[in-house]
Amino acid sequence: MTTSGLPARIQDVAAAAGVSVSTVSNVLNRPERVNARTADRVRSVIAALDYVPHPGAAGLRSGRASSIGLVLPDIVNSFYARIARGAAEAAYEHGFSLVLCDSGDHPDREREYFDMLAEQRAVGVVVAPLGADPDRLTRLRRRGIPLVLTDRKMPPQEGCSVAVDDVTGGRLAVEHLLDSGARQVLVVNGGPGIRQCADRYQGARQAIRSRRGARLDQVVAGQMTVAAGAAVARDLSTLPDAVFCTNDFLAVGMCQGLTERGVRIPGDTQVVGYGDLDVATLAATPLTTVQQPVEDLGRTAVQLLMDEVEASDEHVHETRVFGPRLVPRDSTRVA
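Residues numbered from 1 in each chain as written. Predicted model: local features only at pLDDT ≥ 70, side-chain atom pairs only at ≥ 80, totals over all residues. Heavy atoms only, no water.

Participant: Go over the overall build of the protein, please, and point to the residues and values.
Facilitator: Counting its regular elements, the protein contains 13 helices and 12 strands. Split into buried and exposed, the 335 residues of the protein put 50% on the buried side. Of the contacts formed within the protein by residues at least 6 apart in sequence, a portion of 71% connects residues at least 24 apart. For the protein, the exposed area adds up to about 15100 Å²; of that, 48% sits on carbon and sulfur atoms. (Helix = DSSP H or I, 4+ residues; strand = E, 2+ residues; numbered from the N terminus. Buried < 20%, exposed > 50% of the residue type's maximum accessible area, 1.4 Å probe, protein only. Contact = heavy atoms within 4.5 Å. Areas by Shrake-Rupley, 256 points an atom, 1.4 Å probe, with all protein chains shown as cover.)

Quick look at the structure:
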């Protein structure tokens, strides 16, 4: 990286090493043409500047670049699988293959994937970061390869991103419960470091503040899984009027755990999930949930990436935000 904070270019490497651009290119691609001492000096500068070779738009125009990277934190999770489906469709429409990378939400693995994708001449990367560490995202943007975030907003001056309005989604969920007669609502949430969870809880609080006499409590689950939702249900000391779970897996687990305790849904308590994933309709009690246009997240991220690579200097970064909608089913009462 240069002193200006921008990703190093091959010209920066050449200037710092005191050689020509063609010499740097030879060190990278035809090292047998460069004497050992010069090659070692160039490699030292490459390491110091954290330079990653990338063909960029030139590769795209010449037809040599043919792939797009998609870095996800958990490809088994059906939410991310649907993002991948939308991204794959858009990549195919543009004549590109999609390279799917499962980071396991590990920062080091994310960075290594970026380096590998750049070395393999990917034109750019779509990434869905789970954590909200801004330094981590900054480091990814400095890998020297075009980047679009999906399922996460970032300021347009920093790059393109695609997200869902999760504040509105949380408000829709709790407003529906309040309209269905609830006065005490429990939010079963993920960790505070997950931006989407924080936004959904903020929306829930907005809904509660608009209703006199309504009360909102929160439980943070260890994980956002069916098992974690069931564990929360088993540990409840008092039964709330309604439960809003910030993803569908937690909500299905909550329904399972409450049913084991003999609680009737929605007769004794109501449950709303978030995501409208396949599991929502497969549950014993079909789940009322907030629907996100998940495939559109992946599809639009790839489209923005293609515009950035093809338009180059004419490209203007933007943030696309999709609106969610409530899908009522059997786990809540008819308002």
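Participant: Could you give an account of the sheet that holds strand β8 (residues 242–245), naming the residues involved and the relevant values?
Facilitator: Taken together, 6 strands build an open sheet; the order of strands is β7-β6-β8-β9-β10-β12 and the sheet is mixed. Edge positions in the open sheet fall to β7 (215–220) and β12 (325–327), since each of these has one partner strand only. With direction set aside, neighbouring strand axes in the sheet form an average angle of 20°. In the sheet, strand β6 (residues 184–189) pairs with β8 via 4 bridges, with the strands oriented parallel. Residue pairing for β8: Val185 is matched across the bridge by Ala242. Set on the sheet, helix α11 (residues 248–260) makes contact with β6, β8, β9 (270–275) and β10 (288–291); between it and β9 the angle comes to about 155°. (Pairing = 2+ DSSP bridges. Axes fitted to C-alpha atoms, helices over the stretch in contact; angles between N-to-C directions.)

Participant: Explain the packing of aromatic side chains residue by residue, including any values.
Facilitator: Evaluation of the coordinates by the stated rule reveals 2 aromatic pairs. Both rings, one in Phe79 and one in Tyr80, keep their centres 5.1 Å apart while their planes meet at 80°; by these two values the pair is edge-to-face. Here Phe79 matches Tyr80 in class, with each residue buried. Relative to Tyr274, the ring of Phe244 lies with its centre 6.3 Å away and its plane at 50°, an arrangement referred to as tilted. Note that Phe244 is positioned in strand β8 and Tyr274 in strand β9, a separation of 30 residues in sequence. Assessed through its relative accessible area of 0%, Phe244 is described here as buried. According to the relative accessible area criterion, Tyr274 is buried, its value standing at 2%. (Phe/Tyr/Trp six-rings, centres within 6.5 Å; stacked < 30°, edge-to-face > 60°.)

Participant: Lay out unusual backbone geometry with the relevant residues and their values.
Facilitator: Here Ile265 and Pro266 are connected by a cis peptide whose omega angle stands at 10°. Phi at Asp105 is positive, roughly 60°, even though this residue is not glycine. Along the chain, Asp105 falls in the loop between β2 (97–102) and α6 (107–119). Accessibility expressed as a relative area gives 22% for Asp105, which makes it partly exposed.

Participant: If you had to explain the pattern of salt bridges to someone new, which residues and values would you point to?
Facilitator: Overall, the coordinates contain 14 salt bridges when judged by the stated rule. Note that Glu295 is salt-bridged to Arg82, the shortest N-O span being 3.2 Å. Of the two residues, Glu295 sits in helix α13 (residues 294–311) while Arg82 sits in helix α5 (residues 78–93), which places them 213 residues apart along the sequence. A relative accessible area of 17% places Glu295 in the buried class. A relative accessible area of 14% means that Arg82 is categorised as buried. Salt-bridge contacts for Asp179 lead to Arg211; the nearest nitrogen and oxygen are separated by 2.7 Å. With Asp179 in helix α8 (residues 166–179) and Arg211 in the loop between α9 (195–209) and β7, this pair connects stretches of sequence that are 32 residues apart. Taking relative accessible area as the criterion, Asp179 reaches 45% and is therefore assigned partly exposed. (Salt bridge = Lys/Arg side-chain N within 4 Å of Asp/Glu carboxyl O.)

Participant: Account for the packing of α8 against α9, naming residues and giving values.
Facilitator: Here α8 crosses α9 at 40°, and the two axes come no closer than 6 Å. By the angle between their directions, the pair α8 and α9 is classed as oblique. By crossing handedness, the relation of α8 to α9 is classed as right-handed. Taking contact as the criterion, the partners of Asp166, Val167, Gly170, Arg171, Val174, Glu175 and Leu178 in α8 are, on α9, Gln196, Asp199, Arg200, Gln202, Gly203, Ala204, Gln206, Ala207 and Ile208. Within the contact of α8 with α9, the residues separate by chemical class into 6 nonpolar, 5 polar and 5 charged. (Parallel < 35°, antiparallel > 145°, perpendicular 65-115°, else oblique. Left-handed = near helix turned anticlockwise from the far one by under 90°. Nonpolar A, V, L, I, M, F, W, Y, C, P; charged D, E, K, R; others polar.)

Participant: Talk me through a nonpolar patch on the surface; I want residue IDs and the actual numbers.
Facilitator: Side chains of Ile75, Val76 and Leu100 sit close together on the surface and give an oily, nonpolar patch of about 280 Å² of accessible area. With respect to the secondary-structure elements, Ile75 resides in the loop between β1 (67–72) and α5. A relative accessible area of 34% means that Ile75 is categorised as partly exposed. (Patch = residues over 30% accessible without salt bridge, like charges linked within 9 Å, V, L, I, M, F, W, Y side chains within 5 Å.)

Participant: Break down α11 for me, citing the residues and quoting the values.
Facilitator: Taking 1.5 Å as the rise per residue, α11 with 13 residues should run 18 Å; its terminal C-alpha atoms sit 18 Å apart, in good agreement. For α11, the full list of buried residues reads Asp248, Phe249, Leu250, Ala251, Val252, Gly253, Met254, Cys255, Gly257 and Leu258. In this structure Asn247 caps α11, since a side-chain oxygen of it lies 3.3 Å from the backbone nitrogen of Phe249. Looking one or two residues past α11, Gly262 carries a phi angle of roughly 85°, positive in sign. (Expected span 1.5 Å × (residues − 1). Polar contact = N/O pair within 3.5 Å; in protein donor to acceptor, adjacent residues only side chain to side chain.)

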